[in-house]
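Residue-level structural notes
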Amino acid sequence: MSRDFEYEIRDALVDLADEGRSVNLATAAIRDGKHIVRRRRAVSAAATFAVLALLVVPFALHRPVNRIVQPGAAAPAPTTAAPTTADPGPAGTPAPTIDPMAGLVPLPDGMVYGSIPLTGGYSLVFNRSTGQYVKLPYTRIVPSPSGSTAAVDDGRRIGLVDLDSGTVRWAAGPTPTGITFDWSPDGSQLTYLAKGGKTGTVRVTVLTVAKTVAAAVGGDILCPLTCASAWLPDGQAIAVSGMDGKVPIRLVNARTGSPTKGLERVTGVLANGHAVTDDGTLVVTQLGAQATVTVAATGEMILSLPGAADQTYWSSSHELLLVRRDGVSLYSLTGEPVATYPLPPGTLATGSSLPTLMRG
Amino acid sequence: MHGNAEEEFTQFVTERTHALFRVAYALTGNQHAAEDLLQNALAKAFAKWSRISTDAEGYVKRIIYRDFISLWRWRSRRPETVMATPPEQYAVDASDHTVLRLVLRDALRQLPPRQRAVIVLRYLDDLGEKEVAEVLGCSPGTVASQASRALARLRGAVGPHAFQDLGVLR
């Protein structure tokens, strides 16, 4: 191994390590750490109880039969099995059981949580076909707007999970290079970005659910930094936005990949297709640490809301839903906070690992 | 957990998050996965804070590396379909360092978890073979073989001609 090559590896690793955006996870870690301690105490108490039960119950059941029975004394009452639930006592509380329906605060305008990331690498995902949440071992999972399929991303590939059986089919096709994927409005396809032919470029890629095969549409798109793709509500166009927030949003035809117009006056990161109103007039993007509302036709910014939001959605009445670490906030178009809905209990709320929403 | 411990822990996280997150990101190459990996490790550290506070960073790093290997290895065992598109081959000119680094960065993302962990420990954390083995809980021999395979893969990704022009590939 040459020394030069080792230097290049070192430099490449430093580049890679510096690519991420670190977020302070102290609060979330303390909350999760307390869960771990409580769970450990509950398990420990349950284990102690189980060991005692194992020692005592057989002894009680199989005592020597030559015990002295006083004449006339009543026969001993039959023993009943001890309850299996452990009382951890005042030192601890039972391990939290996750029942999202119990702690779920209804969201406005018929929206529901599509996926809820949990600690330990799991998520709860809404299965539309059963109306229930299922727990699956993925941190980044987004259910389809129709049917009982969800898309997952393990950092290297996109998979399709059957929410009824939990099985995953990893898609054949170009390797994802961006950090996001987005469903088409009808749920038959999803889009992500793959590496382009030239350095610093990406290609819009469309995954067809029925075939589990993805293919690039169109040519290279310049992307100096990490980019995101989003499927617009009309189902016809896919948006590519740059994470640096400086390059205007570019649109391509979802079928042919040819460039189209519509959002060339808007800058910032488009989190998903729901960040564009159904009529295409207003767009909410993330610009630095602000969520910004822009008029698509003119590029006029009409509203800036402080605070980073991982996911943004429009309600049918042109009110804005922002998913943040401290909850889901509803804003009017004048920027007035209308309501804040707490995240479901047990939610892992890191910088960008937050619940997704969908229309119920 | 006492309030003092929470304060100490918060201070530790505030001061060391950047360094720890860089490791998590270098391993996963993904913002979401890096945050999840780090948050899990920090939560475990908080749960044992009274015992590990004197070497908190070392403990968190060990958890990050070991969780990364076990989680990613577990994921790779699940049923999957083979990618139809073979990995792209590059013909890299070693004199173009920017391109070379981009290619290497992509190749690093493609390494299997244990090999990637070894490379990150070796070249980002600057640890020797013995120290890498201690962090990963394996033998130095395993580290050496994993490093050798990883470097061979990286060299293969860059292409056989990358360094020949400069006469530095041996």
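1. Describing the overall build of chain A
Along chain A, the regular secondary structure elements total three helices and 24 strands. Evaluated residue by residue, chain A yields a buried proportion of 40% over its 360 residues. A sequence separation of at least 24 residues applies to 45% of the contacts in chain A between residues at least 6 apart.

2. As for the sheet that holds strand β20 (residues 311-314) of chain A
All names here are of chain A. Within the open sheet, the four strands sit side by side as β20-β21-β22-β23. Their pairing is antiparallel. The open sheet has two free edges, formed respectively by β20 and β23 (337-341), since each of these has just one partner strand. The mean inter-strand angle of the sheet, taken between neighbouring strand axes irrespective of direction, is 20°. Of the strand pairs in this sheet, strand β22 (residues 327-331) and β23 are connected by four bridges, and their pairing is antiparallel.

3. Observations concerning the interface of chain B and chain A
Taken together, the contacts link 57 residues of chain B with 54 residues of chain A. Those elements that provide at least two residues to the side of chain B that touches chain A are α1 (3-28), α2 (31-47), α4 (56-76), α5 (97-110), α6 (113-123) and α8 (140-158) of chain B. Of all the elements, α2 of chain B adds the most residues to the side of chain B that touches chain A, at 14 residues. When grouped by side-chain class, the residues that make up the side of chain B that touches chain A number 31 nonpolar, 13 polar and 13 charged.

4. Thoughts on unusual backbone geometry
Even without a glycine there, the phi angle at T212 of chain A is positive, about 55°. Within the secondary structure, T212 of chain A is located in the loop between β10 (201-208) and β11 (213-216). Look at D126 of chain B: it is not a glycine, yet its phi comes out positive at around 55°. By the secondary structure assignment, D126 of chain B is in the loop between α6 and α7 (129-136).

5. Notes on the sheet that holds strand β13 (residues 227-231) of chain A
Residues and elements named next belong to chain A. In spatial order, the strands read β13-β14-β15-β16; together these four strands make up an open sheet with antiparallel pairing. The open sheet has two edge strands, β13 and β16 (259-260), and neither has a second partner. Bridge count for strand β15 (residues 250-253) against β16 is two bridges, and the pairing is antiparallel. The residue bridging V252 from the neighbouring strand is P259, located in β16.

6. Thoughts on α2 of chain B
Relative to the 24 Å expected for 17 residues at 1.5 Å per residue, α2 of chain B spans 24 Å between its end C-alpha atoms, a close match to the ideal helical length. The buried fraction of α2 of chain B is high, at 17 of 17 residues.

7. Overview of the pairing of strand β14 (residues 237-242) of chain A
Residue and element names in this part refer to chain A. Burial runs high along β14: six of the six residues are buried. Here β14 shows a buried face lined by A237, A239 and S241 and a second buried face lined by I238, V240 and G242. Note: β13 against β14, five bridges, orientation antiparallel. Counterpart to A228 in the pairing with β14 is S241. Two successive antiparallel strands, β13 and β14, enclose a turn made up of five residues, where G235 displays a positive phi of approximately 75°. Judged from the four bridges that link them, β14 and β15 form a sheet pairing that is antiparallel. Across the sheet, residue A239 finds its bridge partner in β15, namely L251.

8. Re the environment of F126 of chain A
Residues and elements named next belong to chain A. Looking at the element boundaries, F126 is found in strand β2 (residues 123-127). Through-space distance from the C-alpha of F126 to that of L357 is 9.7 Å; in sequence the pair is 231 residues apart. If we skip the residues at most four places from it in the chain, F126 touches V112, Y113, G114, Y133, P143 and M358.

9. Some details on the confidence of the model for chain A
Should pLDDT be low for a region, the predicted coordinates there are not to be read in detail. Mean pLDDT for chain A: 78, with 78% of residues reaching 70 or above. The low-confidence segment residues 58-99 of chain A (pLDDT under 50) makes 29 contacts with residues lying over four places distant or belonging to another chain.

10. Quick word on the packing of α7 of chain B against α8 of chain B
All names here are of chain B. One can describe the packing of α7 onto α8 by two numbers: an axis separation of 8 Å at closest approach and a directional angle of 105°. Classified by the angle their axes make, α7 and α8 are roughly perpendicular. In this structure, α7 uses E129, K130, V132, A133 and L136 to contact α8, whose residues at the interface are P140, V143 and A144. Each residue belonging to the contact of α7 with α8 can be placed in one class, and the counts come to six nonpolar, no polar and two charged.

11. Section: α8 of chain B
Residues and elements named next belong to chain B. The first and last C-alpha atoms of α8 sit 27 Å apart over 19 residues, in line with the 27 Å expected at 1.5 Å per residue. Taken as a whole, α8 has its buried residues at V143, Q146, A150, L154, A157 and V158. With its buried residues spanning 110° around the axis, α8 presents them on a single face. What points out from α8, more than 90 degrees from its buried face, is the exposed set G141, A152 and G156. Downstream of α8 by one or two residues, G159 has phi in the positive range, about 110°.

12. Describing the pairing of β13 of chain A
Of all five residues in β13 of chain A, five are buried, a share of seventy percent or more. Alternating residues of β13 of chain A divide into C227, S229 and W231 of chain A and A228 and A230 of chain A, and every residue in both groups is buried.

13. Thoughts on the nonpolar core
A239 of chain A together with A24, L38, L42 and I64 of chain B are the most contacted members of the largest nonpolar core, which has 131 residues in total. Apart from the residues within four sequence positions on either side, A24 of chain B is in contact with A34, L37, L38 and I64 of chain B.

14. As for the packing of α6 of chain B against α7 of chain B
Residue and element names in this part refer to chain B. Direction vectors running N to C along α6 and α7 enclose 130°, while the axes themselves pass 10 Å from each other. As judged from the angle between their axes, α6 and α7 are oblique. You can see that α6 and α7 cross each other, and the crossing is right-handed. Two secondary-structure elements touch here, α6 through A117, V118, L121 and R122 and α7 through V132, V135 and L136. Residues belonging to the contact of α6 with α7 are distributed by class as follows: six nonpolar, no polar and one charged.

Cut-offs used in this document
- Residues numbered from 1 in each chain as written.
- Chains lettered and ligands numbered in written order.
- Predicted model: local features only at pLDDT ≥ 70, side-chain atom pairs only at ≥ 80, totals over all residues.
- Helix = DSSP H or I, 4+ residues; strand = E, 2+ residues; numbered from the N terminus.
- Buried ≥ 20, exposed ≤ 12 C-beta atoms within 10 Å, placed from the backbone.
- Contact = placed C-beta atoms within 7 Å.
- Pairing = 2+ DSSP bridges.
- Axes fitted to C-alpha atoms, helices over the stretch in contact; angles between N-to-C directions.
- Nonpolar A, V, L, I, M, F, W, Y, C, P; charged D, E, K, R; others polar.
- Expected span 1.5 Å × (residues − 1).
- pLDDT = per-residue confidence, 0-100.
- Parallel < 35°, antiparallel > 145°, perpendicular 65-115°, else oblique.
- Arc of directions from axis to C-beta.
- Core = buried A, V, L, I, M, F, W, Y, C linked by C-beta atoms within 7 Å.
- Left-handed = near helix turned anticlockwise from the far one by under 90°.

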